[in-house]
Amino acid sequence: MSTTINFEDLKSEIEIATKLAFKENVEKYGTDICAFSLVSDDGAMTVVPYLNTKEHLEKMQSEDAEYKETYEFEPAEWFASGGASNGFNEICKTLCEEIDNDELDFESFRNSLFETCTQVLEKLRLEKFFHKELGRDILLMFSISDTSESIENLLQWMKRLNSGSESKRFEKYLYD
């Protein structure tokens, strides 16, 4: 892979930004947060934090019960995006600059980025970071906006980041 990005350094930057974003959002929205996701895009040019709150989820589900699972499992439908703006802006800038690299093996780069984001969330879950901040576990996701990513990859990420029951519910959502 002809990339100038050191993915171990990038992983550290994403972890620092993720922790800061989550703490900023807890400060801003309180402990009503029920889900957190890092979201990228098919072009591998962004990494952005999203969160959902129980209040928002319940409101959306009550207004449109037909799409109950969509409001739970699609970060684009969640309450808010943001936090740690400087950190995530720098990460996105680095990614965009790398995309311009003529020597880049894009597919390998993209896969490495997505794996790195998943590893960060997995590490924080195993360290109980989110649980310590809120006093309970929440839904964690790595997601890609407007993607044709394989269902197998989406399921694997979900299984790494959540309980078996959450993963089964997500699988049912994907196949329904």
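Refer to the preceding data block for the structure.
The paragraphs below set out a description of the structure included in this document.

Reading the values: the criteria
- Residues numbered from 1 in each chain as written.
- Predicted model: local features only at pLDDT ≥ 70, side-chain atom pairs only at ≥ 80, totals over all residues.
- Heavy atoms only, no water.
- Axes fitted to C-alpha atoms, helices over the stretch in contact; angles between N-to-C directions.
- Helix = DSSP H or I, 4+ residues; strand = E, 2+ residues; numbered from the N terminus.
- Parallel < 35°, antiparallel > 145°, perpendicular 65-115°, else oblique.
- Left-handed = near helix turned anticlockwise from the far one by under 90°.
- Contact = heavy atoms within 4.5 Å.
- Nonpolar A, V, L, I, M, F, W, Y, C, P; charged D, E, K, R; others polar.
- Salt bridge = Lys/Arg side-chain N within 4 Å of Asp/Glu carboxyl O.
- Buried < 20%, exposed > 50% of the residue type's maximum accessible area, 1.4 Å probe, protein only.
- Core = buried A, V, L, I, M, F, W, Y, C linked by side-chain atoms within 4.5 Å.
- Pairing = 2+ DSSP bridges.
- Phe/Tyr/Trp six-rings, centres within 6.5 Å; stacked < 30°, edge-to-face > 60°.

**Focus on the packing of helix 7 (residues 151–161) against helix 8 (residues 164–175)**
Across the interface, helix 7 lies against helix 8 with an axial gap of 9 Å and an inter-helix angle of 160 degrees. Taken together, the axis directions place helix 7 and helix 8 in an arrangement best described as roughly antiparallel. Note on packing geometry: the crossing formed by helix 7 with helix 8 is right-handed. Of the residues in helix 8, those touching helix 7 at I151, E152, L154, L155, M158 and K159 are S167, F170, E171, L174 and Y175. Here the residues of the contact of helix 7 with helix 8 are counted per class, giving seven nonpolar, one polar and three charged.

**So, the pattern of salt bridges**
Overall, the coordinates contain 13 salt bridges when judged by the stated rule. E8 is the salt-bridge partner of K11, the closest N and O atoms lying 3.5 Å from each other. On the criterion of helical spacing, the pair formed by K11 and E8 is a turn pair, its members being three residues apart in helix 1 (residues 7–29). Accessibility expressed as a relative area gives 18% for K11, which makes it buried. Given a relative accessible area of 53%, E8 falls into the exposed group. One salt bridge in this structure joins E15 and K123, with 2.9 Å as the shortest N-O distance. With E15 in helix 1 and K123 in helix 5 (residues 106–126), this residue pair connects regions lying 108 residues apart in the sequence. Relative accessible area serves as the criterion here: at 13%, E15 is assigned to the buried category. Ionic contacts of the salt-bridge type, sharing partners, join the residues E15, K19, K123 and E127 into one network.

**Observations regarding the nonpolar core**
Generally speaking, soluble globular proteins have nonpolar side chains that are buried together. Core analysis: the biggest nonpolar cluster contains 50 residues, and F22, F36, L38, L113 and F130 have the highest contact counts within it. Once residues within four sequence positions are removed from consideration, F22 is found in contact with I33, F36, F129, F130, E133, L134 and I138.

**Some thoughts on the sheet that holds strand 3 (residues 80–81)**
Strands sit in the order 3-2-1-4 across an open sheet of four strands; the sheet is mixed. A strand with exactly one partner marks an edge of an open sheet, and here the two such strands are strand 3 and strand 4 (139–145). Relative to strand 3, strand 2 (residues 48–53) runs antiparallel, the two being bridged by two bridges. Counterpart to L51 in the pairing with strand 3 is A80. Along the sheet, helix 1 contacts strand 1 (33–41), strand 2 and strand 3; its crossing angle with strand 1, the most-contacted strand, is approximately 140 degrees.

**Remarks on the packing of aromatic side chains**
Evaluation of the coordinates by the stated rule reveals 13 aromatic pairs. Centre to centre, the rings of F7 and F109 are 5.9 Å apart; their planes meet at 55 degrees, and the pair counts as tilted. Taken as a pair, F7 in helix 1 and F109 in helix 5 lie far apart in primary sequence, 102 residues in all. Note on accessibility: F7 and F109 belong to one class, buried. Feature note: the residues F22, F36, F129 and F130 constitute an aromatic cluster, connected by ring pairs.

**Focus: the side chain of S143**
Following the sequence through the fold, S143 ends up in strand 4. In contact with S143, not counting residues within four places along its chain, are S37, L38, V39, S40 and P75.

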